[in-house]
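Letter by letter, the chains look like this.
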Amino acid sequence: MSTEKDIFTRLQAGELLRKDDPEYGKFAEVVARTIRLCVQMNATATELDQVRTQLSEIIGTEIDASTTIFPPFYTNFGKSVKLGKNVFINHACSFLDIGGITIEDNVQIGPRVNLTSENHPLDPDDRTTLIPKPVIIKRNAWIGAGATILPGVTIGENAVVAAGAVVSRDVPANTVVAGIPAKVVKQI
């Protein structure tokens, strides 16, 4: 029996993913499945219960009935999304979740928000390598329309990310951040 960790365990641990990884095919299968299921969900789900049911299939865990997701909704991997209770996700959000995306209870996410938990090296010779870093949105945070949260960022409890902000650093609890790059503009 091999003591090697599978590709999914290694991704969760933050290990780099290269296309020459012997298990890359397993990863590619999950991505292909997720893309197919997302297209199907966005084309056929006409009621919130249908969205919850179909997205539960994509992420592999049941989404609580108190959580609302408005389609279209996009994800590239799905298996690394964790959604709390009483979460609201508005139209046209995109979750690149290979590095992990955790959204705690009572979070509000505006339309066209991008959460990306993956990046690539600056070195052009290694640019296709994937660097997974989790995104965590703490309880009761509010992410405004069109905001982008970059890899490795934690949004603190009760924090507000202003519409259009690009967040490249952790956001302290009970603050409002705005701008590109996002900076603290107010304490709550």
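First things first, this report covers the structure right here in the doc. (Residues numbered from 1 in each chain as written. Predicted model: local features only at pLDDT ≥ 70, side-chain atom pairs only at ≥ 80, totals over all residues. Heavy atoms only, no water.)

### Section: the packing of helix α2 (residues 24-44) against helix α3 (residues 48-59)
Alright, step 1. With their axes 10 Å apart at the nearest point, α2 and α3 run at an angle of 175° to one another. Judged by the angle between their axes, α2 and α3 are roughly antiparallel. Across from Arg33, Thr34, Leu37, Cys38, Gln40, Met41 and Thr44 in α2, the residues of α3 making contact are Gln50, Val51, Gln54, Leu55, Glu57 and Ile58.
Alright, step 2. Classifying every residue of the contact of α2 with α3 gives six nonpolar, five polar and two charged. (Axes fitted to C-alpha atoms, helices over the stretch in contact; angles between N-to-C directions. Helix = DSSP H or I, 4+ residues; strand = E, 2+ residues; numbered from the N terminus. Parallel < 35°, antiparallel > 145°, perpendicular 65-115°, else oblique. Contact = heavy atoms within 4.5 Å. Nonpolar A, V, L, I, M, F, W, Y, C, P; charged D, E, K, R; others polar.)

### Side note on the packing of aromatic side chains
Alright, step 1. Scanning all chains against the criterion turns up five aromatic pairs.
Alright, step 2. Relative to Phe88, the ring of Phe70 has its centre 5.0 Å away and its plane inclined at 85°; by these criteria the two rings are edge-to-face. Taken together, the residues Phe70 in the loop between β1 (68-69) and β2 (73-75) and Phe88 in strand β4 (residues 88-89) connect sequence positions 18 residues apart.
Alright, step 3. Of the residues examined, Phe70 reaches a relative accessible area of 24% and is grouped as partly exposed.
Alright, step 4. Judged by its relative accessible area of 21%, Phe88 is partly exposed. (Phe/Tyr/Trp six-rings, centres within 6.5 Å; stacked < 30°, edge-to-face > 60°. Buried < 20%, exposed > 50% of the residue type's maximum accessible area, 1.4 Å probe, protein only.)

### What to know about the sheet that holds strand β16 (residues 166-167)
Alright, step 1. In space, the five strands of this open sheet follow the order β2-β5-β8-β13-β16, with parallel pairing throughout. Edge positions in the sheet fall to β2 and β16, since each of these pairs with one other strand and no more.
Alright, step 2. The pairing of strand β13 (residues 148-149) with β16 spans two bridges and is classified as parallel. Pairing of Ile149 across the sheet is with Val167, part of β16. (Pairing = 2+ DSSP bridges.)

### Thoughts on the nonpolar core
Alright, step 1. One finds Phe95, Ile103, Ile109 and Ile155 to be the most contacted residues of the largest nonpolar core, which totals 37 residues.
Alright, step 2. For this core, the secondary-structure elements that each account for two or more residues are α2, α3, β3 (81-83), β5 (93-96), β6 (101-103) and β11 (135-137).
Alright, step 3. If you look at the next biggest cluster of nonpolar residues, it comprises nine residues, including Leu11, Leu17, Phe27 and Val30. (Core = buried A, V, L, I, M, F, W, Y, C linked by side-chain atoms within 4.5 Å.)

### Some words on unusual backbone geometry
Alright, step 1. Residues Pro71 and Pro72 are joined by a peptide bond in cis, for which omega reads 0°.
Alright, step 2. Within the element layout of this structure, Pro72 appears in the loop between β1 and β2.
Alright, step 3. The omega torsion of the bond from Ile180 to Pro181 falls at -10°, within 30 degrees of zero and hence cis.
Alright, step 4. As for its position among the elements, Pro181 is in the loop between β17 (175-178) and β18 (183-187).
Alright, step 5. The backbone of Asn86 shows a phi angle near 55°, a positive value even though the residue is not glycine.
Alright, step 6. Tracing the chain through its elements places Asn86 in the loop between β3 and β4.

### Considering the sheet that holds strand β14 (residues 154-155)
Alright, step 1. One open sheet holds the four strands; their spatial order is β3-β6-β11-β14, and the pairing between them is parallel. The sheet is open, and its two edges are formed by β3 and β14, each paired on a single side.
Alright, step 2. With two bridges joining them, β11 and β14 adopt parallel strand pairing. For Ile137, the partnering residue across the bridge sits in β14 and is Ile155.

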